[in-house]
Amino acid sequence: MEIVSDNKSHGGRQLVAKHASQACACDMTFSIFLPPQAGQGRKLPVVWYLSGLTCTPMNVTEKGEYRAACAKLGLIFVAPDTSPRGDHVPDAEGYDFGKGAAFYVDATKEPWSRNYRMWSYVTEELPALVGAQFPVDMDRQGITGHSMGGHGALTVALNFPERFRSVSAFAPIAAPSQVPWGQKALSGYLGEDRASWRKHDAVALIEGGARVRELLVDIGTADQFVDQELRPDLLERACADAGIALTLRLQPGYDHSYYFISTFMADHMRWHSERLG
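Residues numbered from 1 in each chain as written. Predicted model: local features only at pLDDT ≥ 70, side-chain atom pairs only at ≥ 80, totals over all residues. Heavy atoms only, no water.

Student: Please give an account of the packing of aromatic side chains that cites residues and values.
Tutor: Ring pairs (aromatic) are described by centroid distance and by the angle formed between their planes. By the definition in use, this model includes 15 aromatic pairs. The interplanar angle of 15 degrees and the centroid separation of 4.2 Å between the aromatic rings of Phe-97 and Tyr-189 together place this pair among those described as stacked. Placement of the pair is Phe-97 in the loop between strand E5 (76–80) and helix H3 (118–133) and Tyr-189 in helix H5 (residues 180–190), with a sequence separation of 92 residues. Following the ring pairs from residue to residue traces out a cluster consisting of Phe-33, Tyr-49, Tyr-66 and Phe-77. The ring of Phe-160 has Arg-163 sitting right over it, with the charged end atom 4.3 Å from the ring centre. (Phe/Tyr/Trp six-rings, centres within 6.5 Å; stacked < 30°, edge-to-face > 60°. Helix = DSSP H or I, 4+ residues; strand = E, 2+ residues; numbered from the N terminus. Lys NZ or Arg CZ within 6 Å of the ring centre and 35° of its normal.)

Student: Talk me through the pattern of salt bridges; I want residue IDs and the actual numbers.
Tutor: One pass over the structure, following the stated rule, counts twelve salt bridges. Note that Asp-218 is salt-bridged to Arg-249, the shortest N-O span being 2.7 Å. Taken as a pair, Asp-218 in strand E8 (residues 214–220) and Arg-249 in strand E9 (residues 245–251) lie far apart in primary sequence, 31 residues in all. The exposure class of Asp-218 is buried, given its relative accessible area of 0%. For Arg-249, a relative accessible area of 25% translates into the label partly exposed. Of the charged contacts, one joins Arg-270 and Asp-267 as a salt bridge, the two residues approaching to 2.4 Å between their closest N and O atoms. Linking Arg-270 with Asp-267, this pair stays in helix H9 (residues 258–276), spanning three residues, or about one helical turn. For Arg-270, a relative accessible area of 41% corresponds to the partly exposed category. Salt bridges sharing common partners tie together Asp-218, Arg-249, Asp-267 and Arg-270. (Salt bridge = Lys/Arg side-chain N within 4 Å of Asp/Glu carboxyl O. Buried < 20%, exposed > 50% of the residue type's maximum accessible area, 1.4 Å probe, protein only.)

Student: Go over helix H8 (residues 232–242) with me, naming the residues and quoting the values.
Tutor: Every buried residue belonging to H8 is among Pro-232, Leu-234, Leu-235, Ala-238, Cys-239 and Ala-242, and all of these are buried. The arc that holds the buried residues of H8, viewed along the axis, is 155 degrees, so those residues lie on one side. Away from the buried face of H8 by more than 90 degrees, exposed residues Arg-237, Ala-240 and Asp-241 are located. Contacts from the buried residues of H8 go to helix H4 (148–159), helix H6 (202–207), E8, helix H7 (226–230) and E9. Just downstream of H8 lies Gly-243, where phi reads positive at about 75 degrees. (Arc of directions from axis to C-beta. Contact = heavy atoms within 4.5 Å.)

Student: Give a detailed account of H5, specifying residues and quantitative values.
Tutor: For H5, the buried fraction is high: eight of the eleven residues fall into the buried class. Here H5 has its buried residues at Trp-181, Gly-182, Ala-185, Leu-186, Ser-187, Gly-188, Tyr-189 and Leu-190. Buried residues in H5 make contact with H7. Among the residues trailing H5, Gly-191 stands out with phi positive, at a value near 95 degrees.

Shown next as structure tokens:
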């Protein structure tokens, strides 16, 4: 692992690191904020943040405004990339497929299957690396994300409920099997067998019996993607039927951007901290 940058912030350290990924068969970059408590000889809870379409780890690192809250609460904050990178990695035209749009699945279709293994990367390889290199208490993990990353956070938590004590999302794609972004990505990476999509669809997982104790979801009322791509109504109905405590907050006037995310990031960090201890 190579430390690309190391900057002091709010008494802690904001790092950007690069390493050779076996899962994605390329170099991968992630950012990690270590609050000041990380230098006190004890392990700290961690919140994983999964980013949305077109993003790299630097979007939330530079615009997310999480460091003040994490420094106060003693939370480690980790943000992986959204896809494999490199000249040898296949790509596609458009912003919603290929690089920057790997949708947190392990692709099974060629030519994507060699590199596009973001599910294995974010659920296995990166946690093992971070747990070995940094003072993370792996018994106290939370996960959140935005848009495509909100989809990733929900599906990862629903597949590994014993691992995550807390899960939240900003404007998640709640039912990708039923919306254009998700249908394009899941068919392109996994093929047309919709049974293989269910592992990566929060609403389908809940309808199939997957459970987490509670969810916090924020969506802006001015978000242009709500009706066609995000479908919070389907998530709300599935959680109600399953008895999952969903706190769905519709934030007046906010859109899909990092202006929205940064406004409510501290709220989410406090919510995770209360559940992580």
